[in-house]
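Chains, contacts and geometry: an overview
This is what each chain is made of:
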Amino acid sequence: MKVLVCMKQTPDTEATIKITADKKGIEEQNIKWIMSPYDEFAVEQAIQIKEKLGGETVVVTMGTDRVIESMRTALAMGIDRGVHCWDDAFAGSDALATAKILASVIKAENPDLVLCGRQAIDFDQAQVPAYLAELLGWPQVYAVCKLEIQEGKAICNRRIEGGEEVIETSLPCVMTCDKGLNEPRYASLPGIMKAKKKEVKKWTLAETGLSADEVGEAGSKVKIIEYLPLPERPPGKIFKEMETEDMVKEVVKLLREEAKII
Amino acid sequence: MASGVMIFAEQREGKFRKVAYELLNIGRQLADQLGGPLSAVVVGKGVKDLASSLGKYGAEKVYVIDGDPFELYSSQGYASAVANAIKQADPAVFLTGASAMGKDLTPRVSAKLGVGMASDCTALEVVDGKLQITRPVYSGKCYIKVELVGTPQIASVRPNTYPVAEEKEGGAEIVEVDPGISADEIKAKVVRVEKAAEGKIELTEAERIVSGGRGMKSKENFKILFDLADVIGAAVGASRAAVDSGYASQDMQVGQTGKVVNPNLYMAFGISGAIQHLAGMRTSKVIVAVNKDPEAPIFQKADYGIVDDLFKVVPIMIEEFKKLLQE
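Residues numbered from 1 in each chain as written. Chains lettered and ligands numbered in written order. Predicted model: local features only at pLDDT ≥ 70, side-chain atom pairs only at ≥ 80, totals over all residues.

Along its length, chain A carries 7 helices and 13 strands. Dimensions along the principal axes, computed over C-alpha positions, put chain A at roughly 65 × 45 × 40 Å. The proportion of buried residues among the 262 residues of chain A is 49%. (Helix = DSSP H or I, 4+ residues; strand = E, 2+ residues; numbered from the N terminus. Buried ≥ 20, exposed ≤ 12 C-beta atoms within 10 Å, placed from the backbone.)

Moving on, we come to the overall build of chain B. Of the regular secondary structure elements, chain B holds 9 helices and 18 strands. Relative to its length of 327 residues, chain B is compact, with a C-alpha radius of gyration of 21 Å against a globular reference of 20 Å. Based on the C-alpha atoms only, the size of chain B along its principal axes is roughly 60 × 45 × 40 Å. In chain B, which comprises 327 residues, the proportion classed as buried is 61%. Across chain B, every contact between residues at least 6 apart in sequence was considered, and the portion connecting residues at least 24 apart equals 67%. (Rg over C-alpha atoms; globule rule 2.2 N^0.38 Å. Contact = placed C-beta atoms within 7 Å.)

All names here are of chain A. If you check helix α3 (residues 95–109), its first and last C-alpha atoms are 21 Å apart, about what 15 residues at 1.5 Å a residue would give, namely 21 Å. Along α3, the residues that are buried comprise A95, L96, A97, T98, A99, I101, L102, A103, V105 and I106. One or two steps after α3, the chain reaches N110, where phi turns positive at roughly 55°. (Expected span 1.5 Å × (residues − 1).)

With that settled, consider the interface of chain B and chain A. Of the residues lining the interface, 72 residues belong to chain B; the matching set on chain A comes to 68 residues. Taken together, the residues of the side of chain B that touches chain A sort by class into 35 nonpolar, 16 polar and 21 charged. (Nonpolar A, V, L, I, M, F, W, Y, C, P; charged D, E, K, R; others polar.)

This part takes up the sheet that holds strand β4 (residues 56–62) of chain A. The mixed open sheet is built from 10 strands, whose spatial order is β11(A)-β5(A)-β4(A)-β1(A)-β6(A)-β10(A)-β7(A)-β8(A)-β9(A)-β13(B). The open sheet has two edge strands with one neighbour each: β11 (200–203) of chain A together with β13 (188–195) of chain B. If you compare each strand with its neighbour and ignore which way they point, the axes differ by 30° on average. Two elements, strand β9 (residues 163–170) of chain A and β13(B), share 7 bridges in a ladder whose sense is antiparallel. Across the sheet, V166(A) pairs through a bridge with R192(B), a residue of β13(B). Packing of helix α2 (residues 68–77) of chain A onto the sheet brings it into contact with β1 (2–7), β4, β5 (81–85) and β11 of chain A, and relative to β4(A) it is tilted by some 165°. (Pairing = 2+ DSSP bridges. Axes fitted to C-alpha atoms, helices over the stretch in contact; angles between N-to-C directions.)

Here we come to unusual backbone geometry. Of the consecutive residues L171(A) and P172(A), the connecting peptide bond is found in the cis state with omega at 5°. In this structure, P172(A) sits in the loop between β9 and β10 (173–177). Backbone torsion omega between T151(B) and P152(B) reads -5°, so that peptide bond is classified as cis. For P152(B), the position within the fold is in the loop between β10 (142–148) and β11 (153–157). One non-glycine residue, N30(A), lies in the positive phi region at around 65°. Looking at the secondary structure, you find N30(A) in the loop between β2 (9–11) and β3 (33–35). Despite not being glycine, D124(A) shows a phi value in the positive range, around 50°. Structurally, the position occupied by D124(A) is in the loop between β6 (113–117) and α4 (128–136).

Let's shift gears to the sheet that holds strand β1 (residues 5–8) of chain B. Residues and elements named next belong to chain B. Strand order in the open sheet formed by 7 strands is β7-β11-β6-β1-β4-β5-β12, and the pairing between neighbours is parallel. Sheet topology places β7 (117–121) and β12 (173–176) at the edges, where each strand pairs with a single neighbour. Strand-to-strand twist of the sheet, defined as the mean angle between neighbouring strand axes without regard to direction, takes the value 25°. Across the sheet, helix α3 (residues 75–89) lies against β1, β4 (38–44), β5 (61–66) and β6 (93–97), angled at about 155° from β4, the strand it touches most.

This part takes up the domain arrangement of chain B. Residue and element names in this part refer to chain B. Domain assignment breaks chain B into domain 1 (5–185) and domain 2 (203–326). One C-alpha centre belongs to domain 1, the other to domain 2, and the line joining them spans 32 Å. In this complex, domain 1 contributes 10 residues to the contact, which on the side of domain 2 involves 12 residues. The residue inventory of the side of domain 1 that touches domain 2, partitioned by class, reads 2 nonpolar, 6 polar and 2 charged. (Domains from an automatic or database assignment.)

Right, let's get into the packing of α3(B) against helix α4 (residues 100–113) of chain B. Residue and element names in this part refer to chain B. Viewed as axis vectors pointing N to C, α3 and α4 meet at an angle of 55°, and their least axial separation amounts to 9 Å. As judged from the angle between their axes, α3 and α4 are oblique. Helix-helix and strand crossings are classified by hand; for α3 and α4 the assignment is right-handed. Where α3 abuts α4, its residues S75, Y78, A79, V82, A83 and I86 lie against D104, L105, R108, V109, K112 and L113. Split into classes, the residues belonging to the contact of α3 with α4 amount to 8 nonpolar, 1 polar and 3 charged. (Parallel < 35°, antiparallel > 145°, perpendicular 65-115°, else oblique. Left-handed = near helix turned anticlockwise from the far one by under 90°.)

Ranked by size, the top nonpolar core spans 74 residues in total, and within it L24(B), A40(B), V41(B) and V82(B) carry the most contacts. Ignoring anything within four residues of it in the chain, the contact list for L24(B) reads I7(B), A40(B), L54(B), Y57(B), G58(B), A59(B) and A165(B). Counting 68 residues, the second largest nonpolar core, distinct from the first, contains M71(A), I101(A), L102(A) and V141(A). (Core = buried A, V, L, I, M, F, W, Y, C linked by C-beta atoms within 7 Å.)

Turning to the pairing of β4(B), a few remarks are in order. Residue and element names in this part refer to chain B. Judged by how many residues are buried, β4 sits mostly within the fold: 7 of 7 residues are covered. Here β4 shows two buried faces, one formed by L38, A40, V42 and G44 and the other by S39, V41 and V43. The sheet contact formed by β1 and β4 spans 4 bridges and is parallel. By the bridge assignment, M6 is partnered in β4 with S39.

Here it is in structure tokens:
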């Protein structure tokens, strides 16, 4: 069984996000970069599948050289090798353009299963996996919280409103991983040492077989007009150091008379 | 020439989700500004009568894909059916709800049509005859405004962003669409749906939410939140800390690794307000926080707050709401 994980590097959840002066992006200095937390579920699942069934695991990511560090985290956790997609032509790729690039790697690697995180915590779009599945002509399952691999197929659960769907799918398939699927392991010290020597293959425009106008900003269908700060929230009315009953009565009254919500 | 707006009217077991009616409302507003008709697409089994009921909510035409392979949701089956309906109707804008189904379906439809899309949007406006879409990014720490190249312009809309369309007189023309896929071409199939307890209000659709955090201290203590929720007709949520401590189930988690909610009223009890939690509830219209710790970050986001022991506050609040709602 060969499992390929698509991973994205994102700012740490706790990072302060500042919009640049031209409103076209965020200030990237002083940001701590991490593997998107949902992708950790995908990495862990790939490793567990290999531990049980044997085979090979590969991690693929796209971005400047900065993203290799997060890829090494996946390698340190136990993924066998990596593919790093970057070319100046890739800059500004939207989800569809990104999926085209990743799909070119998947076609070359020919895995039995592609795992992604449910969404990357920067843009929270959850689009790339479905684009991948369509480009590859494969089935997809979004937000898997339970997975069992059987001969040539998989049974998985995904959360929906008011319950879970149980889905049976043939392989190959693209799945996205949700919280609850597993508990991602920490990279061990020997793992970190080993990861430094693991192969990371470079994948540029030439390897994709795509033309420059299919990727990057030129190939993107989503155009960012501007970044906007959060609207100012007027300071709240916070009650303290009073009798509980009086504070509760005040808030209930405000909910009815000021907020008009009850 | 593409014109008008089409919405995906999500149904399960012969009932539309609330977001379908919200989309008919915003869809009507956009169609009026852009010009062209408002249409809907319904996919399922035995859904023709259901589909025609959308005429009362402003849909002029309803495109229907009805058949055995569509009784339960599948990405491949529904995406093929919806993409065919879009090709037939040729709308300028196509909208879905950012529900579990919508999040799975919409990008696959976009991929089939070779266009881009915007996910989980919180504002849609027409500027110079084109859609401008605003959506939260970076865990809700800021927004981006985007536009889409190509036709149709596709967006999934966060549930509870717009009010539902009002019911009026009116009927819709039903148009049957060829799904363009057969049952054996659908490789990932839902074999069954395992339901949680019946009658619970779904968090992502709830207009009022009462949520508990680490400060609840035990699973048993959550009962007071369920009591409060019953009084005001709210759903009960929880923070990651409460879920990880075993006080609440995973399907109750609000936040980055849980659900994104968008209610009119969000009441947080014993929740400190970590960024992961804010990411899931920041767009709530009114936020109430109750916490013993006056330094808890949740108070910076709250419209109203009480610094006190929640176990003293909740019982009094239950009585006060009861009194108010009896008036």
